[in-house]
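Coordinate analysis (summary)
What follows is the residue order along each chain.
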Amino acid sequence: WQEAAAGLTRAARDLGVQAEIVGPDNYDPKQQQDELRRIIARKPAGILVSPGDPELLTGGINAAIEAGIPVITIDSDAPKSKRLVFVGTNNYQAGLMGGRLAAKKLNGKGSVVVFTIPNQANLAERLRGYEDVFESFPGIKIVETVDIHGDPGIAFDKTQEIIDKRKDKADAFISLEALSGCEVADVLDRKKVDGKLVVAMDITGSTLDWIEKGKIAATVSQKPYTMAYYGLRMLADLKLYKPPSLAVNFMQASRSVLPAFVDTGSTLVDKTNLAEFRQTALPAAK
């Protein structure tokens, strides 16, 4: 979210508006729900939100819309809510991207452990992409799906348990979120274990360094900077040119002034394009 914060700050500066990032420091959907209620009470010009639990946040999002506050979801969607637009990755395609790489690296056969946070819609879509790819490879089986509850330490401990007690159980470790990939790589490095496939998500922490060292085969990189930057620009546009009503179903309306989904794109990063990616991933000029 440091990247998203940078994108938000840049957009606010470009537009000459005030913007801030608020929310829990760790994965805590209930606290996020409470924070959303407090923000709505302040009556801001607009809200960008990445729902940790779409079901839990839907009521708050709908309340904001009913109060005349435009809400756009970024990164993680709440599709059953009245949010106006989702700005983020096509998460199903991201899952297909990672799944195809995993199937190729495994030569169509192997046991896979998946790390995720089950209640997040974006992670569920990524998992669906992986599963659809693996359907064409009967020799690849997802043997365990681990809920890390937003805590990277759980991924570390679980990987260590598998390596220590059930080394043959996993041929591959798949991260559907940004936290677990580096933890898996760290365990494999400490235990001096080779031959395990790790496919990560995002470029947080030391992910790129682990790719360079060969402990992570690849990561699916998103564009959180772009999500926040473009999301805020859309909110500013809605402030300047407010639709007659926010209650319109913009997803279905044939003459909608808004798209239903803005795909900010994703990139598969491995050793073949690591150097080039590092150059293009430098912080934007201030």
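Source: prediction; values computed, not measured.

With that settled, the discussion passes to the sheet that holds strand β2 (residues 71-74). Reading across the sheet, the 4 strands line up as β1-β2-β3-β9 and stay open at both edges, with parallel pairing between neighbours. In this open sheet, the two strands that pair with only one neighbour each are β1 (47-49) and β9 (261-263). Between one strand and the next, the sheet's axes are offset by a mean angle of 20°, whatever the strand orientation. Across 3 bridges, β2 lies against strand β3 (residues 85-88) in parallel orientation. If you follow Ile-72 over to β3, its bridge partner there is Val-85.

All right, on to the packing of helix α2 (residues 29-41) against helix α3 (residues 54-66) then. With their axes 9 Å apart at the nearest point, α2 and α3 run at an angle of 5° to one another. With respect to α3, the axis of α2 lies roughly parallel. Here Pro-29, Lys-30, Gln-32, Gln-33, Leu-36 and Ile-40 of α2 lie close against α3, whose contacting residues are Leu-56, Leu-57, Gly-60, Ile-61, Ala-63 and Ala-64.

Relative to the 18 Å expected for 13 residues at 1.5 Å per residue, α3 spans 18 Å between its end C-alpha atoms, a close match to the ideal helical length. Turning to α3, its buried residues number three or more, namely Pro-54, Leu-57, Thr-58, Gly-60, Ile-61, Asn-62, Ala-64 and Ile-65. Where α3 is buried, its residues meet α2, β1, β2 and α5 (121-134). Looking at where α3 begins, the residue whose side-chain oxygen comes 3.1 Å from the main-chain nitrogen of Glu-55 is Asp-53. Downstream of α3 by a residue or two, Gly-68 has a phi angle that is positive, lying close to 85°.

This part is about the sheet that holds strand β4 (residues 109-116). Overall, mixed pairing links the 6 strands, which are arranged β5-β4-β6-β7-β8-β10 in an open sheet. Edge positions in the sheet fall to β5 (139-147) and β10 (267-269), since each has one partner strand and no second. The mean inter-strand angle of the sheet, taken between neighbouring strand axes irrespective of direction, is 20°. Where strand β8 (residues 218-221) lies against β10, 3 bridges are found, and the strand directions are antiparallel. When the sheet's bridge partners are listed, Val-220 is paired in β10 with Leu-268. Its contacts with the sheet place helix α4 (residues 91-105) against β5, β6 (172-175), β7 (197-201), β8 and β10, and it is angled at close to 165° to β7. Sitting on the sheet, α5 is in contact with β4, β5, β6 and β7, with an inclination near 165° to β5.

Procedures and definitions
Residues numbered from 1 in each chain as written. Predicted model: local features only at pLDDT ≥ 70, side-chain atom pairs only at ≥ 80, totals over all residues. Heavy atoms only, no water. Pairing = 2+ DSSP bridges. Helix = DSSP H or I, 4+ residues; strand = E, 2+ residues; numbered from the N terminus. Axes fitted to C-alpha atoms, helices over the stretch in contact; angles between N-to-C directions. Parallel < 35°, antiparallel > 145°, perpendicular 65-115°, else oblique. Contact = heavy atoms within 4.5 Å. Expected span 1.5 Å × (residues − 1). Buried < 20%, exposed > 50% of the residue type's maximum accessible area, 1.4 Å probe, protein only. Polar contact = N/O pair within 3.5 Å; in protein donor to acceptor, adjacent residues only side chain to side chain.

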